[in-house]
Amino acid sequence: MAMEMQSRRKTMGFLVVLLAFFFIEMAASSTASRSSLSVQNLEVQAQLKLLNKPAVKSIESPDGDIIDCIKLAHQPAFDHPLFKDHKIQMTPNFHPDRAFAEVSLKTKPGPSREVTQMWQLNGRCPEGTIPMRRTKEDNLLRASSIKAFGKKKHKSVPQPRSADPDLITQSGHQHAIVYVDGDKYYGAQATINVWEPKIQQPNEFSLSQIWILGGAFGEDLNSIEAGWQVSPDLYGDNHTRLFTYWTSDAYQATGCYNLLCSGFIQINNEIAMGASIYPLSGYHSPQYDISLLVWKDPTEGNWWLQFGKKYVLGYWPAFLFSYLSDSASMIEWGGEVVNSESDGQHTSTQMGSGHFSKEGFGKASYFKNIQVVDGSNNLREPKGLATFTEQSNCYDVQTGKGGNWGNYFYYGGPGRNPNCP
Ligand SMILES: *[C@@H]1O[C@H](CO)[C@@H](O)[C@H](O)[C@H]1NC(C)=O
C-alpha cells in the first residue's frame, strides 16, 4: 500500500514536471511566434515607408484607393543611387506622331476635364506633383514575400516560336496575341478596348497589353509592358487598372509593376499607374478604350509612354536596359491569363470581355490601330503580323484590317467551357 502511494506520488510528480515543462515550452514558442510576427510587422512598416512617399495632397477614390499627390522629385525612381545625378526630362525630344509633336509638346495642355480614371471623380493633383496609388498593409501581406511584392512571379512573356511545348504551358500562363519580329522596332501603339474580366482564383489575373521585347528569350530578356489588368493579388480587388511593367533580366531581379520600384520616371500629374480605369465597356453596351504609345527617344534613348491622346506619362531611362538601350526585336499585343487549374480543371478566368473573337464589336474585346515605330522613327503598320494562342478552345484571336481601325484584332474567351475542360 505505502509502496503504491509512493509510486503514485512519484508518477504525479513526474506528471507535474511534464506539465510544467509543457507550459514553459508553450510560452516560449508563443513568444517566439509573437516576436517573429512583430519582426514581420516591422518589415511591412519599413517597406510601406519606402513605397509610399510624403503626400502634398491625398485623394480618396470611390473604389477605396488612396491617391497621394507627391512631389516629382520624391518619386521612387530617385530612391536608387543610379538616379542620383539623373536630370528629369520634362518633355520628350521627339514624338513619332508628327501632328501631336507640332501641337501638344510645344503648347502645354491645360488641365483636362475628361475622366479616364476613377479617382479623378474626387479630385486632381496639383502641378509639380504626380499621383501615386498608395500601397496598403494588406497589399503587402498578400504577397508571397515582402520583397516579391510588385514583381511578377513567373516568366510570362508569350514565346510564339518556342520549340519546346512544355515551356509554353509550364507556368500556367495562357495568351492570345498578335506579334511581329525579325526587324528593329523603336516603339509600338494600340487602342485597347477596356473590360472587367472575371477572375476565378485570387492568385490568377487577366490582362491586355503591349509587350516591347529586346533580346532572345533568355535570362537577360528585356521587356517593357503597358496595358490594363485585373489582379486580385496585386491590388486586393477585381477592378480593371492601368499598369506598366519592366524588366531587364527576364523577371528575375530587376523591374516591377507601376511605380513599385525604382525605374520609371513619371512627369504627368493627371494619370496614376495602378489606378482603376473608368468607365468600362459592357456586353452589348457602350464601348470604351484606352490608347497607349511607347516610343524611344532617338536622342536620349529613353522609352516614353503616352496614355490617350494627350497624356505623356513619363519614361524608362535607357540605362535600365541592355538590348532595349538599342532597339526592340519583337512587339506583341494581346491578352494573358493565369490558369492555375485549382480544381483540376481549366480556370474560368476570362480574357478580354470573356467572349471569343468571333462575336465581334460590342461583345468581344479588341485592339485597334496597332502600329510600330520603325527605324526612321515613324509610326507604321506592322509587317508580317502573326498570331499565337496556346489553346484556342479556351481563348482565341482573329486579326482584321481596314477603315479607320487600321490593323486590328479581336481576342479573348471564357476559359473553361465544354471544349476547354
Ligand atoms: C473578385 O471576384 C471573385 C469572383 O470572380 C469573387 O469571388 C471575389 O470575392 C471578388 N473579390 C473582391 C475583393 O471583390
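Note that the structure is predicted; figures quoted are calculated from it, not measured. (Residues numbered from 1 in each chain as written. Predicted model: local features only at pLDDT ≥ 70, side-chain atom pairs only at ≥ 80, totals over all residues.)

> Before we go on, may I ask you to explain the overall build of the chain in this structure?
Counting secondary structure elements, the chain contains five helices and 19 strands. Looking at the chain as a whole, 44% of its 421 residues qualify as buried. (Helix = DSSP H or I, 4+ residues; strand = E, 2+ residues; numbered from the N terminus. Buried ≥ 20, exposed ≤ 12 C-beta atoms within 10 Å, placed from the backbone.)

> When you look at the site of the ligand in this model, what are you seeing that I'm missing?
Around the ligand, the neighbouring residues are Lys198, Ile199, Pro232, Asp237 and Asn238. Grouping the constituent residues of the shell around the ligand by class yields two nonpolar, one polar and two charged. (Near = placed C-beta within 6 Å. Nonpolar A, V, L, I, M, F, W, Y, C, P; charged D, E, K, R; others polar.)

> Any chance you could explain the pairing of strand β4 (residues 173-185) here in plain terms?
Every regular strand shows the same layout, with side chains that alternate between the two sheet faces. One ladder, built from ten bridges, connects β4 with strand β14 (residues 328-338); its direction is antiparallel. The residue of β14 that forms the bridge with Asp181 is Met330. Note: β4 against strand β17 (residues 386-389), four bridges, orientation antiparallel. The residue bridging Tyr179 from the neighbouring strand is Ala386, located in β17. (Pairing = 2+ DSSP bridges.)

> Got a minute to help me understand the sheet that holds strand β6 (residues 206-214) in this structure?
Strand-to-strand pairing in sheets goes through backbone hydrogen bonds, with the strands running parallel or antiparallel. The strand order across the open sheet built from seven strands is β9-β8-β7-β6-β14-β4-β17, with neighbouring strands paired in antiparallel fashion. Where the open sheet ends on each side, the last strands, each with one partner, are β9 (256-257) and β17. Here strand β8 (residues 241-247) pairs with β9 via two bridges, running antiparallel. Opposite Tyr245, over in β9, you have Tyr257 as the bridge partner.

> Would you take a moment to explain the environment of Phe307 for this structure?
Take Phe307: it is sitting in strand β12 (residues 303-307). When the 22 C-beta atoms within 10 Å are taken as the criterion, Phe307 is described as buried.

> Is there a simple way to think about the sheet that holds strand β1 (residues 55-60) in this case?
Strand order in this open sheet of three strands is β1-β2-β3, and the pairing throughout is antiparallel. What marks the edges here is a single partner per strand, and that holds for β1 and β3 (129-133). Ignoring strand direction, the axes of neighbouring strands in this sheet form an average angle of 25°. (Axes fitted to C-alpha atoms, helices over the stretch in contact; angles between N-to-C directions.)

> Would you mind going over the nonpolar core with me for this structure?
If you look at soluble globular proteins, the nonpolar side chains tend to sit buried side by side. Counting residues in hydrophobic clusters, the biggest one holds 95 residues, and the most contacted among them are Ile210, Ile212, Leu292, Val294 and Ile331. Sequence-distant contacts of Leu292, that is, excluding residues within four places in its chain, are made with Gln189, Ala190, Ile192, Ile210, Ala226, Gly227 and Phe307. (Core = buried A, V, L, I, M, F, W, Y, C linked by C-beta atoms within 7 Å. Contact = placed C-beta atoms within 7 Å.)

> Hey, could you run me through the confidence of the model for the chain in this one?
When pLDDT drops low, the exact placement of atoms in the prediction is not to be read closely. Averaged over all residues, the pLDDT of the chain is 87; the fraction at 70 or higher stands at 85%. Below pLDDT 50 for its whole length, residues 21-31 participates in zero contacts with residues either more than four positions away or in separate chains. (pLDDT = per-residue confidence, 0-100.)

> I would appreciate a short explanation of unusual backbone geometry in the present structure.
As a rule of thumb, non-glycine residues mostly have phi less than zero, and peptide bonds are mostly trans rather than cis. Looking along the chain, the bond that leaves Tyr278 and enters Pro279 is cis, with omega of -5°. With respect to the element layout, Pro279 can be found in the loop between β10 (265-266) and β11 (289-296). Of note in the backbone geometry, Glu341 takes a positive phi value of approximately 45° without being a glycine. Mapped onto the elements, Glu341 comes out in the loop between β14 and β15 (365-373). When the 12 C-beta atoms within 10 Å are taken as the criterion, Glu341 is described as exposed. Of note in this structure, Asn377 is not a glycine but carries a positive phi near 65°. Take Asn377: it is sitting in the loop between β15 and β16 (379-380).

> Looking at this structure, I do not really get the environment of Asp63. What am I missing?
Note that Asp63 resides in the loop between β1 and β2 (66-71). Classification of Asp63 as partly exposed rests on a count of 16 C-beta atoms within 10 Å. For Asp63 and Ala275, which are 212 residues apart along the polypeptide, the C-alpha to C-alpha distance reads 9.3 Å.

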